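So the chains spell out like this:
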Number of protein chains: 2
Amino acid sequence: MMLRISKLTDYGTLVLTHMANFPDRLFSATDLAATLGLGAPTVSKVLKTLGRHDLVRSVRGLHGGYALGRPAVQISVAQIVDALEEQPFGLTECSASAGSCDFEHDCRIRANWQRINGVVRRALEDVSLADMVSPQPMVAGSDARPITGPQSIKGRVAPDQESAR
Amino acid sequence: MMLRISKLTDYGTLVLTHMANFPDRLFSATDLAATLGLGAPTVSKVLKTLGRHDLVRSVRGLHGGYALGRPAVQISVAQIVDALEEQPFGLTECSASAGSCDFEHDCRIRANWQRINGVVRRALEDVSLADMVSPQPMVAGSDARPITGPQSIKGRVAPDQESAR
DNA sequence: ATAAACAGTACTCTTTTGGTACTGTTTAAG
DNA sequence: CTTAAACAGTACCAAAAGAGTACTGTTTAT
Ligand code: FES
Ligand code: FES
């Protein structure tokens, strides 16, 4: 698709947001999966990756589980994305790789894409997990305008969703 | 991948940018392909789609070709993306579809994603084709910060790129 | 009439992503 | 000290999306 974060990342924000509601509790992967209606192995995978980036802290053994690695205020969406995509960052191929398409003009294009990337990235950095759960109406300098296009993708709750037609 | 525009869209900006340099000329698809080092059928495809959205105007018959559908200043990157992705817009599944994951909290998350979407979209709207070719140093309210991470994707010039190792 | 160029459709191949299975390690509880 | 609940890691598979190509038709200056 396009300009979409991957489902895994989406799941990540879901899970983390849920955990942020009870900063003290310890959540088992299976528990979270059941609560959120996701596949257990999938949630496990996500949590493991998040752990590698210190966004969650894990306690092993019986009665183990996961907890946020640090206060929700200190976890930005950008960090979640970075963790789960394991991908550089940049909307275009060449907004990173120097000397890909240097054939005719001295690529002013790349510079522009990089600027765009900057804006996008900052948007992601400006929203924290804490913002996700609590009101916190507006982000710093930007007033949300109603989206122009849209609305009508799929559904997220993949498993056992029948009926309805 | 992630937060990436599709290659087709990337090609689109390339092509359009090139055309913007000579607002009067008429470009044949094969001509453009040769100049930019892309596959002829691919360029054709892109141009056709762009035509459907009036970003380019086509002249059929012998000596035909393509030209910008309107002044470069009036073509934003957002429009190019919209045209070539034929996709709503929104970084997440549910930042659009109402009632996907309405199981526990009354989804404040979605609202937040929509705000993020707004910022991203505006970033794309604020850059025009004209900006791509001419200096035009800064976008309105945002000062470009150097990208944090990165740099090291692939190469765009797909065909016949050998050697180098 | 012809050839250059756009228009449209349909198909195939490759890559990416999402998801699952399996095997190992840790640790409280009995 | 045995056991079971839970995390850790790897590897694999299947489905979907992307990208590219081929083919057939239509338009029009020469
Ligand atoms: S370097 Fe990427 S468009 Fe030129
Ligand atoms: S509606 Fe999408 S996260 Fe709740």
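Quantities reported herein were computed from a predicted structural model and do not represent experimental measurements.

Novice: How would you summarise the overall build of chain A if you had to cite specific residues and measurements?
Specialist: Each helix and strand counted, chain A has 6 helices and 2 strands in total. Moving toward the C terminus, one meets the helices and strands of chain A in the order α-α-α-β-β-α-α-α. The 165 residues of chain A split such that 46% are buried. Long-range contacts, defined as pairs at least 24 residues apart, comprise 61% of the intrachain contacts of chain A with a sequence gap of at least 6. Counting only carbon and sulfur atoms, one obtains 51% of the accessible surface of chain A, whose full area is about 8,200 Å².

Novice: Go over the packing of helix α5 (residues 108–125) of chain A against helix α5 (residues 108–125) of chain B with me, naming the residues and quoting the values.
Specialist: A pair of packed helices is characterised by two quantities: the angle between their axes and the separation of those axes. Contact pair α5(A) / α5(B): the axes reach a minimum separation of 9 Å and the direction vectors enclose 165°. Judged on the interaxial angle alone, α5(B) and α5(A) are roughly antiparallel. The two elements α5(A) and α5(B) cross, and the hand of that crossing is right-handed. Only B:W113, B:I116, B:V119, B:V120, B:A123 and B:L124 of α5(B) make contact with α5(A), whose side of the interface consists of A:W113, A:I116, A:V119, A:V120, A:A123 and A:L124. Of the residues assigned to the contact of α5(A) with α5(B), the class counts are 12 nonpolar, no polar and no charged.

Novice: Lay out the pattern of salt bridges in plain terms, naming residues and giving numbers.
Specialist: Residue and element names in this part refer to chain A. Counting across every chain of the model gives 6 salt bridges over all chains. Here R25 and D31 are joined by a salt bridge, their closest N and O atoms 2.9 Å apart. Assessed through its relative accessible area of 39%, R25 is described here as partly exposed. Classification of D31 as partly exposed rests on a relative accessible area of 30%.

Novice: Hey, could you go over helix α4 (residues 77–85) of chain A for me, with residue numbers and the actual values?
Specialist: The buried fraction of α4(A) is high, at 7 of 9 residues. For α4(A), every residue scored as buried is listed here: A:V77, A:A78, A:I80, A:V81, A:A83, A:L84 and A:E85. Residues of α4(A) that are buried sit in contact with α1 (7–20), α3 (40–52), α5 and α6 (129–133) of chain A together with α5 of chain B. Positive phi appears at A:E86, one or two residues downstream of α4(A), with a value of about 45°.

Novice: Please provide a residue-by-residue account of unusual backbone geometry, values included.
Specialist: Residue and element names in this part refer to chain A. Phi is positive for D54, which is not a glycine, with a value near 65°. Considering the arrangement of structural elements, one finds D54 in the loop between α3 and β1 (56–59). With relative accessibility at 53%, the residue D54 sits in the exposed group.

Novice: Outline the nonpolar core, listing residues and values.
Specialist: Ranked by size, the top nonpolar core spans 85 residues in total, and within it A:L124 and B:L124 carry the most contacts. Not counting residues up to four positions away in its chain, the partners in contact with A:L124 are A:S76, A:V77, A:A78, A:V81, A:F89, B:L3, B:L91, B:W113 and B:I116.

Novice: How would you summarise helix α1 (residues 7–20) of chain B if you had to cite specific residues and measurements?
Specialist: All names here are of chain B. Counted at 1.5 Å a residue, the expected span for α1 with its 14 residues is 20 Å, and the 20 Å between its end C-alpha atoms agrees. For α1, a buried count of 12 out of 14 residues is recorded, marking the element as mostly surrounded by other parts of the structure. T9, D10, Y11, G12, T13, L14, V15, L16, T17, H18, M19 and A20 are the residues of α1 that are buried.

Novice: Which residues make up the pairing of β1(A), and what values go with them?
Specialist: Residues and elements named next belong to chain A. One ladder, built from 4 bridges, connects β1 with strand β2 (residues 65–68); its direction is antiparallel. From the neighbouring strand, V56 faces β2, where its bridge partner is L68. In this antiparallel pair of consecutive strands, β1 and β2, the connection spans 5 residues, and G61 shows a positive phi of 80°.

Novice: Could you give an account of the packing of aromatic side chains, with specific residues and numbers?
Specialist: All chains considered together, the criterion is met by 2 aromatic pairs over all chains. In this structure, A:R121 is placed above the aromatic ring of A:F89, and the distance from its NZ or CZ to the ring centre is 5.0 Å.

Rules used throughout
Residues numbered from 1 in each chain as written. Chains lettered and ligands numbered in written order. Predicted model: local features only at pLDDT ≥ 70, side-chain atom pairs only at ≥ 80, totals over all residues. Heavy atoms only, no water. Helix = DSSP H or I, 4+ residues; strand = E, 2+ residues; numbered from the N terminus. Buried < 20%, exposed > 50% of the residue type's maximum accessible area, 1.4 Å probe, protein only. Contact = heavy atoms within 4.5 Å. Areas by Shrake-Rupley, 256 points an atom, 1.4 Å probe, with all protein chains shown as cover. Axes fitted to C-alpha atoms, helices over the stretch in contact; angles between N-to-C directions. Parallel < 35°, antiparallel > 145°, perpendicular 65-115°, else oblique. Left-handed = near helix turned anticlockwise from the far one by under 90°. Nonpolar A, V, L, I, M, F, W, Y, C, P; charged D, E, K, R; others polar. Salt bridge = Lys/Arg side-chain N within 4 Å of Asp/Glu carboxyl O. Core = buried A, V, L, I, M, F, W, Y, C linked by side-chain atoms within 4.5 Å. Expected span 1.5 Å × (residues − 1). Pairing = 2+ DSSP bridges. Phe/Tyr/Trp six-rings, centres within 6.5 Å; stacked < 30°, edge-to-face > 60°. Lys NZ or Arg CZ within 6 Å of the ring centre and 35° of its normal.

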